Amino acid sequence: MSHPVAIQFQSPQIDTLASQTGRIALLVDAAKPATPAAKRLDKAMRGGLARALASEAFTRLKPGESLDLAFPAGLAAEALHLIHLPKKASVAEARKAGAAIGRALTPAATLVLAEAQTNAQAAELSFGLALRAYDFTPHKTAEKKALGPVTLAVTAPEAVATLASPLAAVAEGVFFTRDLVNEPANILTTHDFAARLAAMQELGLDVEILEEDQLTKLGMGALLGVGQGSESPSKVVVMQWHGGKKGDAPFALVGKGVVFDSGGISIKPAGGMEEMTMDMGGAAVVAGVMRSLALRGAKANVVGLVGLVENMPDGRAQRPGDVVKSMKGDTIEVINTDAEGRLVLADVLWYAQDRFKPCGVINLATLTGAIIIALGHEHTGVFSNDDALAGAFLKAAAAEGEGAWRMPMGQAYDDKLKSRIADMMNVGGRDGGAITAAQFIKRFIKDGMPWVHLDIAGTALLKSDSTLAPKGATGWGVMALNRLIRDQYESK
Ligand code: BES
Ligand code: MN
Ligand code: ZN
């Protein structure tokens with residue numbers, strides 16, 4: 001596990017600012033720049049702060065952006081970050097301001113002065129700071145230095161700490177997701193993944209691990225076919241959070257957890273294959289959301305299910321042309337063993353609906369390369385049979401700044417899945433590949449069940465830094481799903 005930065009809240013200690021070592025970040029509302037801390041700093045800097053704030057470089061800053069001064073004259077600090085954050089700035093801008101600090105964190109202590117901002121802004125800032133300070137270092141033998149600590153100086157420390165506490169729970173969920181996605185497949189085997197989920201029992205989640213013999217008894221032939229060429233046994237893990245009213249139907253989250261996707265016998269080209277260690281990204285988001293819900297004590301009933309398998313070529317691996325039988329009873333002709341995620345989801349989704357009779361279900365999967373062709377890395381593809389649930393999800397995603405875009409579905413796409421010898425094929429051709437994949441999954445959703453499928457192939461992992469994450473796993477979806485559950489399913 002990577003170590004999150006420790007953030008504490010306290011009232012500003014104006015008198016010691018000049019001798020403060022490490023880093024200082026000053027949040028400035030251009031309309032009210034002269035806070036007590038700013039005045040004190042300016043005095044120690046002999047007017048240097050006022051000159052910096054009047055400079056063109058500062059006035060050009062957008063909300064959340066920072067002007068960094070190294071070794072400011074008159075201060076003991078090694079750096080002074082001047083961050084433009086008006087009192088009327090949005091949640092996204094407050095998080096961005098925090099990220100500007102998180103990105104620059106070193107082992108030295110950092111003091112963040114946020115007197116001119118609201119309590120909510122200060123809390124959101126601490127959230128953005130923590131998210132951007134994340135770093136995945138367990139396999140770096142030299143870089144083990146801890147970050148921080150960070151002190152956030154605000155006028156009402158207790159009120160800010162209260163607002164920041166549920167956000168810290170969400171950040172921990174995001175880190176859990178990122179750690180799982182960043183972990184290589186020789187370490188994060190199906191066994192290791194299941195063990196990390198089982199450890200969440202300590203948080204009050206009920207965690208069950210279904211092993212291959214039980215999956216066989218349940219008839220999960222589609223899921224088991226994918227994993228049969230691997231040395232790692234296939235597993236389904238069920239995580240239940242009972243925070244709502246007893247007897248209320250739970251909301252279900254289902255994730256694709258392919259710990260490595262070689263393509264199987266329909267093997268992938270070598271170039272870039274190493275990226276397929278992230279093919280368990282959907283399962284990782286489900287796990288991260290469950291962790292956040294437990295940590296903040298969400299007042300909702302939510303069940304998270306993940307199908308953990310490894311897709312490998314082997315003497316026992318499934319072949320193109322094989323016919324498998326799903327738990328639902330439908331037969332599937334496996335034309336391409338690399339279209340394996342939908343086979344896993346088919347059985348886990350059916351099991352989730354059959355056992356839990358949920359009030360709605362959302363599944364997440366790094367499902368298709370085609371969604372990256374369609375939407376790039378900016379938006380997750382959103383597929384749904386229910387405008388209300390899709391709309392509520394899109395609203396939550398927008399509020400969290402997580403890109404999501406609704407995609408079409410329809411009978412003509414479904415027709416592409418017709419098989420000569422079985423009930424369906426597992427692929428529908430190259431054209432509209434993300435949509436035919438969604439149509440395949442929809443065949444395993446019961447009539448009347450509100451359902452959303454999120455294809456996160458383009459958003460789970462990024463090759464460059466983003467506002468709230470360094471390059472690598474993003475944890476896309478944890479914040480949006482946490483908000484959706486908070487706003488739609490929690491008893492107030
Ligand atoms: N895991 C891949 C999809 C993927 C691609 C995820 C790139 C992340 C980045 C999935 O299992 C897959 O191989 N899909 C095939 C489907 C095809 C065989 C119909 C694809 O997209 O090429
Ligand atoms: Mn594949
Ligand atoms: Zn895959």
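Below is a summary of the structure that appears in this document. These numbers were taken from a predicted model, which means no experiment stands behind them.

Rules used throughout
Residues numbered from 1 in each chain as written. Chains lettered and ligands numbered in written order. Predicted model: local features only at pLDDT ≥ 70, side-chain atom pairs only at ≥ 80, totals over all residues. Heavy atoms only, no water. Helix = DSSP H or I, 4+ residues; strand = E, 2+ residues; numbered from the N terminus. Contact = heavy atoms within 4.5 Å. Donors = N, O, S within 2.8 Å, 3.2 Å for Na, K, Ca; no water. Tetrahedral: all angles 85-135°; square planar, octahedral: opposite > 155°, others 65-115°. Phe/Tyr/Trp six-rings, centres within 6.5 Å; stacked < 30°, edge-to-face > 60°. Buried < 20%, exposed > 50% of the residue type's maximum accessible area, 1.4 Å probe, protein only. Lys NZ or Arg CZ within 6 Å of the ring centre and 35° of its normal. Near = heavy atom within 4 Å. Polar contact = N/O pair within 3.5 Å; in protein donor to acceptor, adjacent residues only side chain to side chain. Areas by Shrake-Rupley, 256 points an atom, 1.4 Å probe, with all protein chains shown as cover. Nonpolar A, V, L, I, M, F, W, Y, C, P; charged D, E, K, R; others polar. Pairing = 2+ DSSP bridges. Axes fitted to C-alpha atoms, helices over the stretch in contact; angles between N-to-C directions. Salt bridge = Lys/Arg side-chain N within 4 Å of Asp/Glu carboxyl O. Core = buried A, V, L, I, M, F, W, Y, C linked by side-chain atoms within 4.5 Å.

### Regarding the environment of Gly263
Checked against the element boundaries, Gly263 lands in the loop between strand 9 (251–261) and helix 10 (281–296). Here the alpha-carbon distance between Gly263 and Glu310, two residues 47 residues apart in the chain, equals 9.7 Å. Excluding residues within four positions of it along the chain, Gly263 makes contact with Lys268, Asn311, Thr337 and Asp338.

### Overview of the coordination of the zinc ion (ligand 3)
The protein atoms that coordinate the zinc ion (ligand 3) are Lys256 (NZ), Asp261 (OD), Asp279 (OD) and Glu340 (OE), at distances spanning 2.0 to 2.4 Å. Around the zinc ion (ligand 3) sit six donor atoms; with metal-centred angles ranging over 78 to 175 degrees, the donor geometry is octahedral. Along the chain, the residues donating to the zinc ion (ligand 3) fall in the pattern K-x4-D-x17-D-x60-E. In this structure, the zinc ion (ligand 3) is positioned 3.1 Å from the manganese ion (ligand 2), and both are ligated by Asp261.

### Regarding the packing of aromatic side chains
Applying the stated rule across the entire model yields four aromatic pairs. Centre to centre, the rings of Phe251 and Tyr489 are 4.6 Å apart; their planes meet at 35 degrees, and the pair counts as tilted. With Phe251 in strand 9 and Tyr489 in the segment after helix 16 (478–488), this residue pair connects regions lying 238 residues apart in the sequence. When its relative accessible area of 1% is taken as the criterion, Phe251 is described as buried. When the centroid spacing of 5.4 Å and the interplanar angle of 40 degrees are considered together, the rings of Phe440 and Phe444 count as tilted. Here Lys328 stacks its cationic end above the ring of Phe444, 5.4 Å away from the centre of that ring. Lys446 extends its terminal NZ or CZ atom over the ring of Trp350, reaching a point 4.8 Å from the ring centre.

### Structural notes on the site of ligand 1
In the neighbourhood of ligand 1, 17 residues make up the surrounding shell, with Lys268, Asp279, Asp338, Glu340 and Gly369 lying closest. The contact in question runs from an oxygen atom of ligand 1 to an N or O atom on the side chain of Lys268, over 2.8 Å. At 2.8 Å from a nitrogen atom of ligand 1 is found a side-chain nitrogen or oxygen belonging to Asp279. Contact with the protein chains removes 80% of the 520 Å² of surface that ligand 1 exposes when unbound. Residue composition of the shell around ligand 1, by class: six nonpolar, four polar and seven charged.

### Section: the sheet that holds strand 2 (residues 23–28)
If you trace the six strands from one edge of the open sheet to the other, you get 1-6-5-2-4-3, paired in mixed fashion. Across the chains shown, the open sheet's two edge strands, defined by having one partner strand only, are strand 1 (7–10) and strand 3 (66–70). When strand polarity is set aside, the average angle formed by the axes of neighbouring strands in this sheet is 20 degrees. Strand direction decides the pairing type here: strand 1 and strand 6 (residues 150–153), joined by four bridges, are parallel. Of the residues in strand 6, the one forming a bridge with Gln10 is Ala153.

### Looking at the pattern of salt bridges
For the structure on display, the rule yields 26 salt bridges. Between Asp465 and Arg132 there is a salt bridge; the shortest N-O distance is 3.2 Å. Of the two residues, Asp465 sits in the loop between strand 18 (461–462) and strand 19 (472–473) while Arg132 sits in helix 5 (residues 119–133), which places them 333 residues apart along the sequence. Looking at Arg132, the relative accessible area reads 7%, which means it is buried. Lys446 serves as the salt-bridge partner of Asp354, at 3.6 Å between the closest nitrogen and oxygen. Note that Asp354 is positioned in helix 11 (residues 341–356) and Lys446 in the loop between helix 15 (433–442) and strand 17 (451–455), a separation of 92 residues in sequence. Judged by relative accessible area, Asp354 falls into the partly exposed class, the value being 35%.

### Thoughts on the nonpolar core
If you look at the biggest cluster of nonpolar residues, it comprises 89 residues, and the most contacted ones within it are Leu253, Ile362 and Phe393. Among the nonpolar cores identified, the runner-up in size contains 41 residues, and Val238, Val254, Val258 and Val309 belong to it.

### Observations concerning the coordination of the manganese ion (ligand 2)
Ideal geometry at a metal centre: 109.5 degrees between donors when four sit tetrahedrally, and 90 or 180 degrees when six sit octahedrally. Each protein donor to the manganese ion (ligand 2) is listed here as Asp261 (OD), Asp338 (O), Asp338 (OD) and Glu340 (OE); together their distances run 2.0 to 2.2 Å. Here the manganese ion (ligand 2) is ringed by six donor atoms whose angles at the metal span 71 to 168 degrees, and the overall shape comes out irregular. The sequence pattern describing where the donors of the manganese ion (ligand 2) fall on their chain is D-x76-D-x1-E. Among the residues examined, Asp261 registers a relative accessible area of 3% and is labelled buried. Look at Glu340 and you get buried, because its relative accessible area is 1%.

### Regarding the sheet that holds strand 7 (residues 206–210)
Taken in spatial order, the eight strands make up an open sheet running 7-8-10-9-13-17-14-15, and their pairing is mixed. Of all strands in the sheet, those bounded by a partner on one side alone are strand 7 and strand 15 (404–406). Here the average twist between neighbouring strands, direction ignored, is 20 degrees. Taken together, the five bridges between strand 7 and strand 8 (residues 235–242) define a ladder with antiparallel strand orientation. Bridge pairing in strand 8 places Ile209 opposite Val237.

### Examining the side chain of Gln117
You can see Gln117 is positioned in the loop between strand 5 (110–113) and helix 5. At a separation of 2.7 Å, a polar atom in the side chain of Gln117 contacts the main-chain carbonyl oxygen of Leu85. Excluding residues that lie within four positions of it along the chain, Gln117 makes contacts with Leu27, Val28, Asp29 and Leu85.

Function cannot be inferred from these measures alone, as they are strictly geometric.
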